[in-house]
Structures are given as structure tokens and as C-alpha cells.
Amino acid sequence: DTGVSQNPRHKITKRGQNVTFRCDPISEHNRLYWYRQTLGQGPEFLTYFQNEAQLEKSRLLSDRFSAERPKGSFSTLEIQRTEQGDSAMYLCASSLGRLAGSYEQYFGPGTRLTVT
Amino acid sequence: KQEVTQIPAALSVPEGENLVLNCSFTDSAIYNLQWFRQDPGKGLTSLLLIQSSQREQTSGRLNASLDKSSGRSTLYIAASQPGDSATYLCAGGSNSNSGYALNFGKGTSLLVTP
């Protein structure tokens, strides 16, 4: 399978714990995006990377959130001191970007986070 | 910020009907518009992408149109099937968005009954 993959698919954690999610984009896609989706809503942009550089963060991304993309390959999203309001589906997407003239985004299956 | 609205929020049709889903957006600097399908508890599947220079795209029973001047896009589904039941999301990528990140509508929940 050469699509976007995310792990874990589901995560249940207690309030105050730290969690980390991983996203593996489509090979050779230089852009990687993180979105968050709550029930009944469309996904909302969190942050994006071009290769290993994190170029933009939404104001939705509080100081408790951090994302990395070492070597421009996979990416991790960490949430520290989780709160119940962090419960959501976290979606990762990738695209080829400007060099290929295509910003079409391909999404992974998501990680469902439940904070109890 | 690009605002995207989808109407209707929910739709139920009998199998075989043709149907239209509507999407409107506020930023005329839209670069592209993507339509996605989302099954319950799942990720997003890209259905069609329309570049700003295009007016429509077709894939099988699906046809999507884009009218930048009026800020509207439609997704036409021909001869609907129960397997088409899902939530359909439209999203606009704009030059004013960071890295052409997508702004999504809330989606239209479609139920096709046998």
C-alpha cells in the first residue's frame, strides 16, 4: 500500500498524559499537513511542513502541541498534558507541492484520540 | 480566511436518483477545490480535484464544477447507489492559505436507500 499511513489508529488516554501520533506520507511527497476533526465538523488545519521545515502553525495549535518531520520523511504530532477538549480525529495529508504543480492532498485514515 | 459552506447538511434519496451537492466559498483567490468522501470513523478519500483554471472534472458517475466568479462548486452524482452513502466534504485551497492548506465545509451527509 503506497498511501498515507497513520499510527496508532485509536488512542485512549487519561487527562494529563502525553500522546504521540505518527504519519508516514506518500513517498516523494514534500508537503505534509496535520488537521484535526471533531464530530460533525470538517477538518481544521493545524500545521504543515515542506520537507523538514515546519512553515506554518494554526492558532489552534497551542503550546502543548508540537510537530516534527525529521529528514523530511515521516512526521510526529505530540500533545502534552492532554485535555478532554483534545479528543478528536487527527488527520495527516500529503501532497507533491509546487515542483510538481500539484497541491492535491491525500489523506491518511486518521488517529482517533479519546481523552478520559 | 476562506469560509466554505455546504448545503444541504443532510440528504436522503432513493437508489437510482441523480443528485447535486452544493458548496460555496468566500475567497475568489481559490487555487483549487477538492471533493472528498468520508465514511463513518474513517479518513478522507479524494474524489475530484478542480484547478482554478478548470470549470469541471469528471470521474465515473461523479461530475464536479467550479464557478469562481460566483464562489460555487457542485458535485453531481448520477444514478446513486446505496454504496454512495457517506459524508461528502468540499475544501478550497487558496493562495492566501499557508502552503495551500485546505479550508473545509462541514459536509453533506448522504443516505441512499435501496
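Residues numbered from 1 in each chain as written. Chains lettered and ligands numbered in written order. Predicted model: local features only at pLDDT ≥ 70, side-chain atom pairs only at ≥ 80, totals over all residues. Heavy atoms only, no water.

What's the story with unusual backbone geometry in this structure? I'm lost.
With glycine set apart, most residues show a phi of negative sign, and most peptide bonds adopt trans. Look at the link from N7 of chain A to P8 of chain A: it is a cis peptide, with omega at -10°. Along the chain, the position of P8 of chain A falls in the loop between β1 (5–7) and β2 (10–13). Omega for the peptide link from I7 of chain B to P8 of chain B comes to -5°, which places this bond in the cis form. Tracing the backbone shows P8 of chain B in the loop between β1 (4–7) and β2 (10–14). One non-glycine residue with positive phi stands out, namely N51 of chain A, at about 55°. Topologically, N51 of chain A is positioned in the loop between β5 (44–50) and β6 (53–57). (Helix = DSSP H or I, 4+ residues; strand = E, 2+ residues; numbered from the N terminus.)

Hey, could you run me through the interface of chain A and chain B in this one?
Taken together, the contact pairs 21 residues of chain A with 21 residues of chain B. Considering only the surface of chain A that becomes buried against chain B, Y103, E104 and F107 of chain A emerge as the three largest contributors, covering 29% of it. At the boundary of chain A and chain B, one finds five residue pairs in polar contact (both at pLDDT 80 or more). Top contributing element to the side of chain A that touches chain B by residue count: strand β4 (residues 31–37) of chain A, with four residues. (Contact = heavy atoms within 4.5 Å. Buried area = accessible area lost by both parts, 1.4 Å probe. Polar contact = N/O pair within 3.5 Å; in protein donor to acceptor, adjacent residues only side chain to side chain.)

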